[in-house]
Amino acid sequence: MSGTTLYVALVAFGVLAGVASGLLGVGGGTLIVPFLTLAAGLSQHNAEATSLLVILPTAIAGTLTLRRRGVGDPALALRFGVVGAIGAVGGALLALALPAGALRIVFAVFVGLVGLRLIYDGRRAEARAG
Amino acid sequence: MRASAASAATSRARLGRFRIDRELVAIGVLGGLLSGLLGVGGGIVMVPLLVIWARYGQRDAHAASLGAIIPISIAGIATYGVAGHIDVRAAAALIVGSVVGARLGAGFLARIDERHLKMVFGVFLIGVAALMGIRG
């Protein structure tokens, strides 16, 4: 894609990633990074950096909406995030020293199992509620 | 809405004695570590840990994760921004859409039935796992 088409596609995909981010409380990088590499032709590194810049205003917009609706505790969430940021810097440093390919597979299995458990819990709760 | 307000009140009461709960510190460090290590967003790691380990309600876990992503992404931008890898024009186009989308999505989060939220997130995680499995 190139020119205007690309920018229209980027805005449209931004809406989709934003909805996922606001609803699921995720940054949206998992969606944005593959899109930027495949559709916009960015390198993996540039896509990851660009996605981080998108995630910040997205998370702020979603959090402001949640605060207005009285969902959760934004001040606590920010403190939690500061701890998370320290962990993330440690993780990025560790990533340079460890075999990332093997870790990704282990992590993919972990995430898949958690997903199955959540669906199972959700269905069970639904059955209980009738 | 009433259920979510009640569960938010419960988590605040439990955390009232500490400025931040020990489980939250552990989950923050672990979530941040995994996210930095694997290049995935922290939310994919933090939401399940908050629900399964810290016994957060599903809706509160998603809200806490979204707020936590603000400082986490600032740290990320500071790291990458120095290296100058950001495609500013692509980012601007995505932001125009994603800020609108985030308001819509957060509105859904405030209203959605927690059981449905669990299932939607479960499907999302399995999709991410498949994607990571292929790429890994």
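Above this note sits the structure.
Let us look at the structure shown here. (Residues numbered from 1 in each chain as written. Chains lettered and ligands numbered in written order. Predicted model: local features only at pLDDT ≥ 70, side-chain atom pairs only at ≥ 80, totals over all residues.)

For chain A, the helix and strand inventory stands at five helices and zero strands. Going residue by residue from the N terminus, the α and β elements of chain A occur as α-α-α-α-α. Dimensions of chain A along its principal axes, counting C-alpha atoms only, are 50 × 40 × 30 Å. Looking at chain A as a whole, 48% of its 130 residues are labelled buried. (Helix = DSSP H or I, 4+ residues; strand = E, 2+ residues; numbered from the N terminus. Buried ≥ 20, exposed ≤ 12 C-beta atoms within 10 Å, placed from the backbone.)

On to the overall build of chain B. The number of helices and strands found in chain B is six helices and zero strands. The helix and strand sequence of chain B, counted from the amino end, reads α-α-α-α-α-α. Across chain B, contacts joining residues at least 24 apart in sequence account for 53% of those joining residues at least 6 apart. (Contact = placed C-beta atoms within 7 Å.)

This paragraph deals with the nonpolar core. Counting residues in hydrophobic clusters, the biggest one holds 78 residues, and the most contacted among them are Leu-50, Ala-64, Leu-94 and Leu-125 of chain B. Not counting the four nearest positions on each side in its chain, Leu-125 of chain B is found in contact with Val-111, Gly-112, Val-114, Gly-115 and Leu-118 of chain A together with Ile-44 of chain B. (Core = buried A, V, L, I, M, F, W, Y, C linked by C-beta atoms within 7 Å.)

This paragraph deals with the packing of helix 1 (residues 3-24) of chain A against helix 3 (residues 44-69) of chain A. All names here are of chain A. Contact geometry for helix 1 and helix 3: axes closest at 9 Å, N-to-C directions at 50°. Classified by the interaxial angle, the pair formed by helix 1 and helix 3 is oblique. Our pair here, helix 1 against helix 3, has a crossing hand that is right-handed. Mapping the contact onto sequence places Gly-18, Ser-21 and Gly-22 in helix 1 and Thr-58, Ala-59, Gly-62 and Thr-65 in helix 3. Split by residue class, the contact of helix 1 with helix 3 holds one nonpolar, six polar and no charged. (Axes fitted to C-alpha atoms, helices over the stretch in contact; angles between N-to-C directions. Parallel < 35°, antiparallel > 145°, perpendicular 65-115°, else oblique. Left-handed = near helix turned anticlockwise from the far one by under 90°. Nonpolar A, V, L, I, M, F, W, Y, C, P; charged D, E, K, R; others polar.)

Right, let's talk about unusual backbone geometry for a bit. The backbone phi angle of Arg-55 of chain B is positive, close to 60°, even though this residue is not glycine. Tracing the sequence through the fold places Arg-55 of chain B in the loop between helix 3 (42-52) and helix 4 (58-83).

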